[in-house]
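So the chains spell out like this:
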Amino acid sequence: MIRNRQKFTRGGPLLCLLPILAVLALHHLPPVITESAENATDPKAWFERMNAELHALNREAAQYGWDLSTQHQSRVEFTLESIVQLAQRKSAWLQDTCDEGALYRQHGWPYDRAYYLLCRGPRNTPEELSEMAQLFSFIQRIYTESEVCIQANCGDGRSDNYEDATILWTNTFVRYPGLSTGHLDLTFVAPVSPQVLTPSIPTKLPHELQCFSGEPDLERLMLSDGMDRVCSGRFPNEIVLRWVWESWRMAVGPPMRQPYGRLIELMNAGCMRGANHRDVGECWREELEIPELRLMVDRLWHEVKPFYQKLHAVVRHFIREKHPTAASSIDVDGLIPAHLLGGMWSQSWTSYCHDIFPHPVDIDQAFGRANWTSMDLVRRAEDLYASLGLSRMTNEFWKHSLIGKGASGGKCHGTAANMFADGADDYRMIVCPRSEAAGQDFYVTVHEMGHIVYYMEASKQPTIFSDGTTAAFQEALGDAIYLGAVTPQHLVRLGLLDPKHMAPEKIPFGTGPTLNSFDYAFLLRMALGKIPTIPFEYLMDQYRWDVFDGSVDYTQDANSYFWFLLERQQGIRPPSSVHSRLQLFDAGSVYHLSDNTPFVRYFLASFLSYQIYEGLCRAALFGTVTNPTHEIPMPLHRCDLYGSKKAGKLLRKSLALGASVHWTDVLEELTGDVEISAKSLLKYYQPLDEFLDRFIARHRLVVGWEH
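Residues numbered from 1 in each chain as written. Predicted model: local features only at pLDDT ≥ 70, side-chain atom pairs only at ≥ 80, totals over all residues. Heavy atoms only, no water.

**Examining the pattern of salt bridges**
For step 1, the next point in the chain: In this structure the tally under the stated criterion is 31 salt bridges.
For step 2, the next point in the chain: Across the salt bridge formed by R262 and E265, the nearest N and O atoms sit 2.8 Å from each other. Remark: E265 and R262 occur in helix 9 (residues 237-274); sequence separation between them is 3 residues, near one turn of the helix.
For step 3, the next point in the chain: Accessibility expressed as a relative area gives 33% for R262, which makes it partly exposed.
For step 4, the next point in the chain: On the accessibility criterion, E265 (47% relative accessible area) is partly exposed.
For step 5, the next point in the chain: In this structure, R392 and E382 form a salt bridge, with 3.3 Å as the shortest nitrogen-oxygen distance. Highlighted residues: R392 in the loop between helix 15 (374-386) and helix 16 (395-400) and E382 in helix 15, separated in sequence by 10 residues.
For step 6, the next point in the chain: For E382, a relative accessible area of 4% translates into the label buried. (Salt bridge = Lys/Arg side-chain N within 4 Å of Asp/Glu carboxyl O. Helix = DSSP H or I, 4+ residues; strand = E, 2+ residues; numbered from the N terminus. Buried < 20%, exposed > 50% of the residue type's maximum accessible area, 1.4 Å probe, protein only.)

Structure, rendered in C-alpha cells:
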C-alpha cells in the first residue's frame, strides 16, 4: 500500500495513473486464481488461498506504485490499457472469490470479517472500468501537469492598486498537458471591469513565459512564500494572492467539470450494482464502518465549530489591519475573502501567528536554523518511535527508501509504502525536505513513519487484516505521535527550544502557574495550522456526498452549492461574486477530487489523533487509560511521551490488531472510549481558548459571520 500525506504529484504520462493503482491496492486485487472453487475443501482453505493471492497482488501493485512515485519509468512496463486489464481482472476475481465465500457463510464460519472487508465495495463492468480509467487519467493530468503562465517580462514599476496591475489579469496563459498553451480569460473574475481589461488582451502567445505548477509553485505563493517570483515583486501581496487564487481555479476547474460528471454516473453504477448502495458516497462511508457517519461528522464539526469561530474572528480582525485595500470589503461580522487566509484552500492561517501573538521564539525558524539533513529528520523520527519500544526501521527500509532532495527526480512528496515482500520486512519512505519548510518536513516525516510503524506492528496478521483498522486510524497514528514530538520538553531535547521557556512566567493573561508566553504562542501556531483544516475536510466530502446522491443538481448548481457550504460553515467567500462563478468548478482545484480520495478519513483523524495522544499520555503517567479519577497533572500539550515504554506497550498491542477487529475495539484499547469525540482536542487547546475569549472581549470582536 502506498500512502501519501502531502498531495502533490509529478508530471509524466504514467504518473497520472497512480490513483488508479492506489484503488487497486486498496481493494486488494489478487493474481489469477490458482485453485478453482470446485477443488476447495473447506472454509479454511478458502481463507488461506485468498490471503496468499491477495498478498501476491498487493506486492505487484505496491511495486507499480513505487516505480511511479520514484519516476523509475524504465521499469514500468505497463500502460493505461494494462491498468484497465488489472482492474478488470480484479473485478472478476472478487466476484468468483466472494461467490465461493458466500456458500460457506450459509453454514456458519469464523471468517465473516475477512469476507466483509474483501467483498464490500463497487462492481463495475469491464467497459465501465475502462472508461473510468480514461477519465481519471484525464483529470489527474489536468491537475498535476497544468501550469499557469505570465509573460517573462510583465511590466515596469510598482503598483498599489488593482487597475494598475492589469498586466497580471490580461497576460495570463495556461499550459495544459501535451504543451498546448492558450490565453486564460480572467475578465469576469478580475477585480477590475471588463472594459478596462478587454482592450489589452493579447492576440498571440508571447515568446517567453514564466510558468507555475499548481503544487508546489502556486501553493507556495498562496502561503506568501517566494512572492518576488511574480513580476519581480512589483505588486503588493494582496494583488498577487488574488491572481494566483483565481488563475488556478480558472485553469483546472472548467476542463474537469464535464468528465467528472460522467465519473459520478459510472461510480454510482458500480456501487448500486455491487453492495446495493444508492450512490458512491454510501460506498465511501461503508469503509469507515460507522452506520450513521454523516450524523457523527456533523456532531464532531459542531463540537469544535465554536473554537474555530473564535480563531476566525481574531484572524479576520488582523486581516482587516494587514490588508487595508481589502478591509473595506470585509465587515466586522463578515466573511473573509478566501485568498487572504493562507494556502490554496484557506486551510493554513499560520502567517497571522506573529500578528496575533508576537513572541521571540519562532519554532518554524528554529527548525530552519537547526539545518537538519533529510537523514537527520528520519533518524529523529525513528528515535521517537523507538523510544516507546517500537521496532526500528528495517535493513530493507534503509536500503530502498529515498531520503533526500532530488531523490525521485526533483519533485516529490512524503510517501510511505508497504511492499508486501516475501520473507523480508520491506517498508519504504520518500522524504524530500525543503529548507524553507523544515518544521513541515519534520511533521511529514513523523507522520509517514507512523504509517510504516502501523504496517510493521500489524504484519503478523493475515494479509486481509494487515492494514489499519480503518483509513482514519492510519492517518491518525503519525499525527498523534507528532503531538508528542512537539511538546516543549521534546523541543528542548531536540535543541530547538531554550530550557528557560519551560519555566513559569508572570503574564497578565495566564490561566495557571505552569504556563508561560511560549505555551500560548505555541498553541496558537498549532491551532492556526490544524483547526482550519477541519471544516475544509468536512465540507469537501459533504459537498461530494450531496452531489453523488443527487441532492444537488451537478449540471446546474454544483459551484453555487460549493460556495454555499464554504460561506455558511467555513466563513469564507470567493474574491469575486458567487454569481459570476456559477459555471465554474472550484472544487476541482483540490487535489483530492482529481485523485478521488475521500476527505472524511482526514476529518476523523483530526479528532482521533488528539484522543490517541491523550490515551498514550494516560498510559505513560498511570499505566492505564481507563481510570477516570486520574487527572493529567499538566496541560495536555506538555505531556511528553518520549521514552515511555508503558505508552509503547499499549500502542503495540493496539496496532498489532490491524483490521482484524472493529475500530471501536482499537479505540477502546487506546483511550478507554468507544466513541470519536472532540473532548481531547478541546482539552489540548483549552488555554488558548481562554486566551481568545479575553482577546475577543478586549477588542470587542464579533464572533461568527453573517451569511
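**A look at the layout of surface pockets**
For step 1, the next point in the chain: Space inside the second largest pocket adds up to approximately 390 Å³.
For step 2, the next point in the chain: Looking at the second largest pocket, it is lined by 17 residues, and the ones nearest its centre are E614, R618, T671, S680 and K683.
For step 3, the next point in the chain: Elements with a minimum of two residues in the lining of the second largest pocket: helix 24 (600-622) and helix 27 (679-684).
For step 4, the next point in the chain: Looking at the lining of the second largest pocket, the element that brings in the most residues is helix 24, giving 4 residues.
For step 5, the next point in the chain: Considered class by class, the residues forming the lining of the second largest pocket number 2 nonpolar, 9 polar and 6 charged. (1 Å grid on protein atoms, 1.4 Å probe; cavity = no way out; pocket = protein on both sides within 12 Å on 5 of 7 lines; lining within 4 Å. Points joined across faces, edges and corners; volume = space filled by probe spheres on them. Nonpolar A, V, L, I, M, F, W, Y, C, P; charged D, E, K, R; others polar.)

**Here's the deal with the packing of helix 11 (residues 293-322) against helix 24**
For step 1, the next point in the chain: Closest axis-to-axis distance for the helix 11/helix 24 pair is 11 Å, and the angle between their directions is 50 degrees. With respect to helix 24, the axis of helix 11 lies oblique. The chirality of how helix 11 crosses helix 24 is left-handed. Judged by residue contacts, L293, M296, V297, L300, W301 and V304 of helix 11 engage V600, F603, L604 and F607 from helix 24.
For step 2, the next point in the chain: Residues that form the contact of helix 11 with helix 24 fall into these classes: 10 nonpolar, no polar and no charged. (Axes fitted to C-alpha atoms, helices over the stretch in contact; angles between N-to-C directions. Parallel < 35°, antiparallel > 145°, perpendicular 65-115°, else oblique. Left-handed = near helix turned anticlockwise from the far one by under 90°. Contact = heavy atoms within 4.5 Å.)

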